[in-house]
Amino acid sequence: LPEKLEHLRQYIQANLLGDLCNASLAKTACISEASLARLFRNFLGRGSAQYVTEIRVREAARLLREYTETIDAIAARTGFPNRFYFSRVFKKLTIHSPADFRSKYRAA
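This section reports on the structure supplied with the text. On a predicted model such as this, the values are computed, not experimentally measured, just so you know.

Cut-offs and rules
- Residues numbered from 1 in each chain as written.
- Predicted model: local features only at pLDDT ≥ 70, side-chain atom pairs only at ≥ 80, totals over all residues.
- Heavy atoms only, no water.
- Salt bridge = Lys/Arg side-chain N within 4 Å of Asp/Glu carboxyl O.
- Helix = DSSP H or I, 4+ residues; strand = E, 2+ residues; numbered from the N terminus.
- Buried < 20%, exposed > 50% of the residue type's maximum accessible area, 1.4 Å probe, protein only.
- Axes fitted to C-alpha atoms, helices over the stretch in contact; angles between N-to-C directions.
- Parallel < 35°, antiparallel > 145°, perpendicular 65-115°, else oblique.
- Contact = heavy atoms within 4.5 Å.
- Nonpolar A, V, L, I, M, F, W, Y, C, P; charged D, E, K, R; others polar.
- Phe/Tyr/Trp six-rings, centres within 6.5 Å; stacked < 30°, edge-to-face > 60°.
- Lys NZ or Arg CZ within 6 Å of the ring centre and 35° of its normal.
- Core = buried A, V, L, I, M, F, W, Y, C linked by side-chain atoms within 4.5 Å.

Turning next to the pattern of salt bridges. The full count for this structure, using the stated rule, is five salt bridges. Residue Glu-59 is joined to Arg-62 by a salt bridge in which the shortest nitrogen-to-oxygen separation is 2.6 Å. Residue Glu-59 and its partner Arg-62 are located together in helix H4 (residues 48-66), separated by three residues, close to a single helical turn. Given the relative accessible area of 16%, Glu-59 is considered buried. Its salt-bridge partner being Arg-77, residue Glu-69 comes within 2.5 Å of it at the nearest N-O pair.

Here it is, written out as structure tokens:
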């Protein structure tokens, strides 16, 4: 991956609670929003917003498997504005609600 994209991937992972809109990410990488969009599409096959959402859901899935925090707390910890939006997005990407995912995949 290009250096700027790898830097952005690390930045996103480290700043899930931060402002990860296109303008903010473009500013972080010192590129235009159009260049940002091209970079994500060409090398990752999706837009930056979709990528950020996928990273947030992946981290939430890990937390659901490994910790007993409430779903509200996990939603907040992964940058979702509320439990309801988190649940809708999580189910769309994983086919499970957060509660079902936790009960099915929880580490013993």
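Packing of H4 against helix H6 (residues 83-94) brings their axes to within 10 Å, and their N-to-C directions diverge by 95°. Between H4 and H6, the interaxial angle falls into the category roughly perpendicular. Residue-level contacts link Thr-53, Glu-54, Val-57, Ala-60, Ala-61 and Leu-64 of H4 to Phe-86, Val-89, Phe-90, Leu-93 and Thr-94 of H6. Along the lines of polarity and charge, the residues of the contact of H4 with H6 split into eight nonpolar, two polar and one charged.

Note on placement: Glu-54 falls in helix H4. Using a relative accessible area of 18% as the deciding quantity, one classes Glu-54 as buried. Not counting the four nearest positions on each side in its chain, Glu-54 is found in contact with Arg-46 and Leu-93.

What follows is about the packing of aromatic side chains. The tally for this structure, following the rule as stated, stands at six aromatic pairs. Measuring from ring centre to ring centre gives 5.6 Å for Phe-40 and Tyr-51, while their planes differ by 55°; the resulting arrangement is tilted. Taken together, the residues span a long stretch of sequence, with Phe-40 in helix H3 (residues 33-44) and Tyr-51 in helix H4 at a distance of 11 residues. The pair Phe-40 / Tyr-51 is uniform in exposure class, with both members buried. Measuring from centroid to centroid gives 5.3 Å for Phe-90 and Phe-101, while their planes differ by 80°, and the two rings are edge-to-face. Within this pair, whereas Phe-90 is found in helix H6, its partner Phe-101 is found in helix H7 (residues 98-105), the two being separated by 11 residues in sequence. An aromatic cluster is defined as three or more aromatic residues linked by ring pairs; in this entry it consists of Phe-80, Tyr-85, Phe-86, Phe-90, Phe-101 and Tyr-105. Above the plane of the ring of Tyr-67 lies Arg-77, whose end atom (NZ or CZ) is 5.7 Å from the centre.

Let us look at the nonpolar core. Residues Leu-8, Ile-12, Leu-25, Leu-36, Phe-40 and Tyr-51 are the most contacted members of the largest nonpolar core, which totals 15 residues. Mapped onto this core, the elements with two or more residues apiece are helix H1 (3-14), helix H2 (22-29), H3 and H4. Considering every element that reaches this core, the biggest residue donor is H3, with four residues. Residues contacting Ile-12, with those up to four places away along its chain left out, are Leu-20, Leu-25, Phe-40, Tyr-51, Val-52 and Ile-55. With 13 residues, the next largest nonpolar core counts Val-57, Leu-63, Phe-80 and Val-89 among its residues.

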